[in-house]
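Descriptive analysis of the structure
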Amino acid sequence: MQRYILRRLLQGALLLFIVALVVFALARVSGNPIDLLVREDATAEDRAHLQKALGLDRPMHEQLYIFLTGAVRGDLGQSIRYRRSAAEVFFERLPNTLKLLPLAMAGALAIAIPLGVLAAVYRGTLVDRLAGGLAVLGIATPQFWLGIVLIYVFSIQLGVLPSARMGGPSHYVLPAVTLGVFLLAGMMRLVRSSLLEVMGSEFVKLARLKGLSQTIVIWKHCLRNALIPVVTLFGVYFALLVTGAIVTETVFAWPGVGRLTYEAVIFRDYPLLQAVILLKAVIVLSVNLVVDILYAYLDPRVRYA
Amino acid sequence: MASPGRVVLEVRDLHAYLYTRWGVVRAVDGVSFALREGETLGLVGESGCGKTMTALSVLRLMPEPAGRIVQGQVLLEGEDLVTKSESEMRRVRGRRISMILQDPQTSLNPVFTVGSQIVEALRMRYADGVDALRRLAEEALRRVKVAAPAERLRAFPHQMSGGMKQRVVGAIAVAGEPRVLIADEPTTALDVTIQLQYLVLLKEIQARTRLAMLFITHDFGIVARMCDRVAVMYAGRIVETGPTRALFRAPRHPYTAALMASVPRMEASVERLPSIEGQPPLLHHMPVGCRFAPRCSYVDDRCRREYPPVVPIGPAHEASCWRVEPSPPSR
């Protein structure tokens, strides 16, 4: 197990290096930040001065060298817009996203697992079809649209929930629902299909041959096996949300890393954008490692391989 | 042959159908047999003739929601299982009738230890604490001749060989001290070298516990070794039943005879093994008369019109064929 984890960490480091290269290159082909930073009536002299101050006048390979050596030391540069350490800005925003995510995920799981089990056990009945319809709706609904509709109904028309920014518990409801609906749909379908597959296994027949009740057979013998692919999806979704809550956070003006990413792009804040993407990559890799370890816990065949 | 004990399981005119979208499959269509204490009855026939469905309907574990018992009785020590509720059936399964499935590779749950899966079966029978149950599980593994049983309890199924897994499945099946054990081709998925060991093991368990065994197979070699009596099944019905020796010496139903003729023999070399021409009937499109009529070399008009009655031939030997005379075998 230790060797496995060590191997994964080394793979992760290599991957991060590649991500760093890509980020560095992408940021530089997407436009010139000087245009956004200086006033319209600035002279060429002013522009050159600023370019020099930011180090953008140096040759590419030198910029890359500075970026990489800094990154290894944990210094991801200064945000142009915030005039502070980019990593610091990222970590200031991260808790806000992390407060939202578990709510959305826990809520989605709490509904997806029982609903998926019900749909599988009562397959072909009205329950199954209703659950299936909900899932299609959930997957097909764009987050920005759902967010806006929720704001319209609950904040503007009913006036019961706040529409934007962080605050008390009521501020969490709409963004968490917007994020959760998407998760719920995919997970519900996966729980259903993988449970159905497991229910046809011989070991399920053997469990029933022992005289076990249907409830124990489903919730113990089947679900434990059926959850293995769900955990994988969970990991993918978690990573997706940490990095991609951009739309939801922007709609609800939620000061998390999703919105920070949006800002970094809009203001061509290179150092911030580089930092945001690189740190998100670190998060995705860590989550995947945790998921793989969890996977090994669920499936003994992986544990001893 | 074991001394005949009392009848523990009697199946009377059992009809179990599968309601599929292509029509009604009459998988078990009027099957009757009796099983005595300490006796082994072999149920033989081609794939898809309804052997496994018969076993599953005895335990009321037919595939849901398609499978249904439509007629007949399954009498376990005089009680009819067909009319029992699901919760009553749960107390029958494992404790009074058990079953060993065909493929040991898939019979055990991959995510639980072998020990916990045996303990689970024992818990249905004994109200002891976990420690006591684990000792019983260890004992159960020892009885099916698994080496180092205490360590094996902590192992996962994928860490065991196929033969070992099937021993564990056997241990689970007899953990609840059932009166009847159904073995559904228990050695088909095993290596030839392991097969014999496993059969001997089953015989030993039977000798110790006076189990009644229903042994499903298509291997006549295994039938000769294991079974006191044989029932030959064709297209959802039993066509001939008899003591193993009598049936082997003088098969009376043309299907039994044809089936035995297609078994390769060591002593005679032949160019080509005799085979039975044609295909078994589609189970949702059964002929009116004798089901074997389309493939039978002795067929006449009456065979096509009417299903033959059960004709007693000799001691405990009977066949469903218009051609057999109700007399003891001549030889």
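Calculation notes
- Residues numbered from 1 in each chain as written.
- Chains lettered and ligands numbered in written order.
- Predicted model: local features only at pLDDT ≥ 70, side-chain atom pairs only at ≥ 80, totals over all residues.
- Helix = DSSP H or I, 4+ residues; strand = E, 2+ residues; numbered from the N terminus.
- Rg over C-alpha atoms; globule rule 2.2 N^0.38 Å.
- Pairing = 2+ DSSP bridges.
- Axes fitted to C-alpha atoms, helices over the stretch in contact; angles between N-to-C directions.
- Parallel < 35°, antiparallel > 145°, perpendicular 65-115°, else oblique.
- Left-handed = near helix turned anticlockwise from the far one by under 90°.
- Contact = placed C-beta atoms within 7 Å.
- Nonpolar A, V, L, I, M, F, W, Y, C, P; charged D, E, K, R; others polar.
- Core = buried A, V, L, I, M, F, W, Y, C linked by C-beta atoms within 7 Å.
- Buried ≥ 20, exposed ≤ 12 C-beta atoms within 10 Å, placed from the backbone.
- pLDDT = per-residue confidence, 0-100.
- Expected span 1.5 Å × (residues − 1).

As for the overall build of chain B
Scanning chain B from N- to C-terminus turns up 12 helices and 12 strands. Rg of the C-alpha trace for chain B: 21 Å, near the compact-globule value of 20 Å for 331 residues, within the 12% margin.

Some remarks on the sheet that holds strand 11 (residues 310-314) of chain B
Residue and element names in this part refer to chain B. Read across the sheet, 8 strands follow the order 6-7-8-3-9-10-12-11 without closing on themselves; strand pairing throughout is mixed. Taken across any chain shown, the strands that pair with only one partner, and hence form the sheet edges, are strand 6 (97-100) and strand 11. The mean inter-strand angle of the sheet, taken between neighbouring strand axes irrespective of direction, is 20°. Judged from the 4 bridges that link them, strand 11 and strand 12 (residues 317-320) form a sheet pairing that is antiparallel.

Quick look at the packing of helix 5 (residues 86-121) of chain A against helix 6 (residues 126-140) of chain A
All names here are of chain A. Contact geometry of helix 5 with helix 6 gives a least axis separation of 7 Å together with a crossing angle of 135°. Considering their axes alone, helix 5 and helix 6 lie oblique with respect to each other. Both helix 5 and helix 6 take part in a crossing whose hand is left-handed. Facing L115, L118 and A119 of helix 5, the residues of helix 6 in contact are V127, D128, A131 and G132. Looking at the contact of helix 5 with helix 6 residue by residue, the classes come out as 5 nonpolar, 1 polar and 1 charged.

Comments concerning the packing of helix 7 (residues 143-157) of chain A against helix 8 (residues 170-199) of chain A
The angle between the axes and the distance between the axes are what describe a pair of packed helices. Residues and elements named next belong to chain A. The interhelical angle for the contact between helix 7 and helix 8, taken along N-to-C directions, is 140°, at an axis separation of 10 Å. Overall, the two elements helix 7 and helix 8 adopt an arrangement that is oblique. The two elements helix 7 and helix 8 meet at a crossing, and its hand is right-handed. Touching Q143, L146, G147, L150, I151 and F154 of helix 7 are L174, V177, T178, V181 and F182, all from helix 8. Split by residue class, the contact of helix 7 with helix 8 holds 8 nonpolar, 3 polar and no charged.

Quick word on the interface of chain B and chain A
Interfaces are often sized by the accessible area lost when the parts come together. Across the boundary between the two partners, chain B contributes 25 residues, which contact 20 residues of chain A. Within the residue set of the side of chain B that touches chain A, elements represented by two or more residues are helix 2 (86-92), strand 6, helix 3 (104-107), helix 4 (114-123) and helix 7 (162-175) of chain B. Grouping the constituent residues of the side of chain B that touches chain A by class yields 12 nonpolar, 7 polar and 6 charged.

Points about the sheet that holds strand 5 (residues 79-80) of chain B
Residue and element names in this part refer to chain B. Strand order across the open sheet formed by 4 strands is 2-1-4-5, with antiparallel pairing between neighbours. Edge positions in the sheet fall to strand 2 (23-36) and strand 5, since each has one partner strand and no second. The sheet contact formed by strand 4 (residues 67-76) and strand 5 spans 2 bridges and is antiparallel. Bridging from a neighbouring strand, L75 pairs with D80 of strand 5. The sheet contacts of helix 1 (residues 51-58) involve strand 1 (7-20), strand 2 and strand 4, and relative to strand 2 the element is tilted by about 70°.

Points about the nonpolar core
Counting residues in each nonpolar core, the largest one holds 135 residues, and the members touching the most others are I118, L214 and V232 of chain B. For this core, the element with the most residues is helix 8 of chain A, which contributes 15 residues. A71, I80, L260 and V284 of chain A belong to the second-largest nonpolar core, a separate cluster that totals 24 residues.

Section: the confidence of the model for chain A
It should be kept in mind that the predicted coordinates are not to be read in detail where pLDDT is low. Averaged over every residue, the pLDDT of chain A is 85; the share at 70 or more is 97%. Within chain A, helix 9 (residues 202-209) of chain A carries the highest mean pLDDT (92), whereas helix 2 (residues 33-37) of chain A carries the lowest (70).

Some details on unusual backbone geometry
Residues and elements named next belong to chain A. Positive phi values are uncommon outside glycine, yet R83 reaches one of about 55°. Relative to the assigned elements, R83 resides in the loop between helix 4 (60-73) and helix 5. Judged by C-beta crowding, with 8 C-beta atoms within 10 Å, R83 ranks as exposed. A positive phi angle, near 50°, is found at A253, a position not held by glycine. Considering the arrangement of structural elements, one finds A253 in the loop between helix 11 (246-251) and helix 12 (257-266). Judged by the 12 C-beta atoms lying within 10 Å of it, A253 falls in the exposed class.

Comments concerning the pairing of strand 3 (residues 40-44) of chain B
All names here are of chain B. Among the 5 residues in strand 3, 5 count as buried, and that is most of the element. Residues T40, G42 and V44 of strand 3 are buried on one face, and the alternating residues L41 and L43, pointing to the opposite face, are buried as well. With 4 bridges joining them, strand 3 and strand 9 (residues 229-234) adopt parallel strand pairing. Its bridge partner being in strand 9, G42 is matched across the sheet by V230.

Observations concerning the pairing of strand 4 of chain B
Every other side chain in a regular strand lies on the same face of the sheet, so the side chains alternate between the two faces. All names here are of chain B. The sheet contact formed by strand 1 and strand 4 spans 8 bridges and is antiparallel. When the sheet's bridge partners are listed, E10 is paired in strand 4 with L75. Here strand 4 folds back onto strand 5 in antiparallel fashion, the turn holding 2 residues, of which E77 has a positive phi close to 45°.

A short note on the environment of P95 of chain A
All names here are of chain A. Assignment of secondary structure puts P95 in helix 5. For P95, a count of 12 C-beta atoms within 10 Å corresponds to the exposed category. Separated by 15 residues in the primary sequence, P95 and I80 place their C-alpha atoms 22 Å from one another.

Re helix 7 of chain B
Residues spaced three or four apart along an α-helix face the same direction, because each turn holds 3.6 residues. Residues and elements named next belong to chain B. The end-to-end C-alpha distance of helix 7 is 20 Å, a good match for the 20 Å that 14 residues give at a rise of 1.5 Å each. In terms of residue burial, helix 7 counts as a mostly covered element, since 12 of its 14 residues are buried. Turning to helix 7, its buried residues are M164, K165, Q166, R167, V168, V169, G170, A171, I172, A173, V174 and A175. Backbone geometry just downstream of helix 7 places E177 in the positive-phi region, at approximately 45°.

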